[in-house]
Amino acid sequence: MPGQFRSYKWDPIYIIAQMVAMQCIFYVGVGVWIVLGNYVAHNSSSLDQVFSYQDIIFKEFTGRLLMFAFVFNSLTSAVGLWFIVQRTKQCLDFTITTYFLHFLICWVYNFQIPNTLSWWLLTIICISLMSVSGEFLCMRTELKAIPVYSQLGARVDL
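Let me begin by describing the structure that accompanies this report. These numbers come from a predicted model, not from an experiment.

To continue, consider unusual backbone geometry. Phi is positive for Gln-86, close to 65 degrees, though the residue is something other than glycine. Looking at the secondary structure, you find Gln-86 in the loop between helix H3 (61–84) and helix H4 (88–110). Non-glycine residue Phe-111 carries a positive phi angle of around 60 degrees. With respect to the element layout, Phe-111 can be found in the loop between H4 and helix H5 (117–142).

As structure tokens, this is what we get:
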């Protein structure tokens, strides 16, 4: 397409592969952060810490550690957006998709929709943080100066 900066072909397999990769980065990241938090607090790790919304309680130390694990994971996943998605415009889409799939998995795991305010607030904060951080990283890459060279091999400043 002449006159456009970039032209894209619709490639659903590539998009699905990116979604799967982002979901893997999300769960590996949250797993690592939870294990580190459990090591500090001398707790045992459990799948409930990832999927059970009842464990996210601000009043308890383990609940706060879990919240910090999810917040740090949103920053880790933002780096994943930077490496996998690489487009500022798509960061919010992939972030919402990642957290929507997490919501569905939590729903199936608990046999009910998460109904605590702390889970919903944490999810909204993490979505915002992951999206904005990913957009910032992608934008820095997209806005890098593109060097232009003349036919003689010397760099030309435009």
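Now that the structure is up, let's keep going.
Next up on the list: the side chain of Asn-38. Along the chain, the position of Asn-38 falls in helix H1 (residues 12–41). Contacts of Asn-38, omitting those with residues within four sequence positions, involve Asn-43, Ser-44, Ser-45 and Gln-49.

Evaluation of the coordinates by the stated rule reveals one salt bridge. A salt bridge links Glu-142 to Arg-87; the nearest nitrogen and oxygen atoms lie 3.1 Å apart. Highlighted residues: Glu-142 in helix H5 and Arg-87 in the loop between H3 and H4, separated in sequence by 55 residues.

All right, on to the environment of Leu-92 then. Among the structural elements, Leu-92 can be located in helix H4. Among residues more than four places away in sequence, those in contact with Leu-92 are Ser-131 and Glu-135.

Another aspect to go through is H5. Compared with an ideal rise of 1.5 Å per residue, which puts 26 residues at 38 Å, H5 spans 37 Å between its outermost C-alpha atoms and is within 8% of the ideal. Buried within H5 we find Trp-119, Leu-122, Thr-123, Cys-126, Ile-127, Met-130, Ser-131, Ser-133, Gly-134, Leu-137 and Cys-138. At its buried positions, H5 is contacted by H1, H3 and H4.

Quick notes on the rules
Counting from 1, residues in each chain are numbered in the order their sequence is written. At least 70 in pLDDT is required for a residue's local features to be given in this predicted model, at least 80 for side-chain atom pairs to be given and counted, and no such filter applies to totals for whole chains, interfaces and linings, which use all residues. To obtain the side-chain values, all non-hydrogen atoms of the structure were included, while hydrogens and water were left out. In DSSP terms, a helix is any run of H or I states spanning at least four residues, a strand is any run of E spanning at least two, and both are numbered starting from the N terminus. Throughout, a contact is declared for two residues whenever any of their heavy atoms are within 4.5 Å. Criterion for a salt bridge: a side-chain nitrogen of Lys or Arg within 4 Å of a carboxyl oxygen of Asp or Glu. Helix span, as expected, comes to 1.5 Å for every residue beyond the first. Between buried and exposed lies partly exposed: a residue is buried under 20% and exposed over 50% of the maximum accessible area for its type, with that area taken using a 1.4 Å probe on protein chains only.

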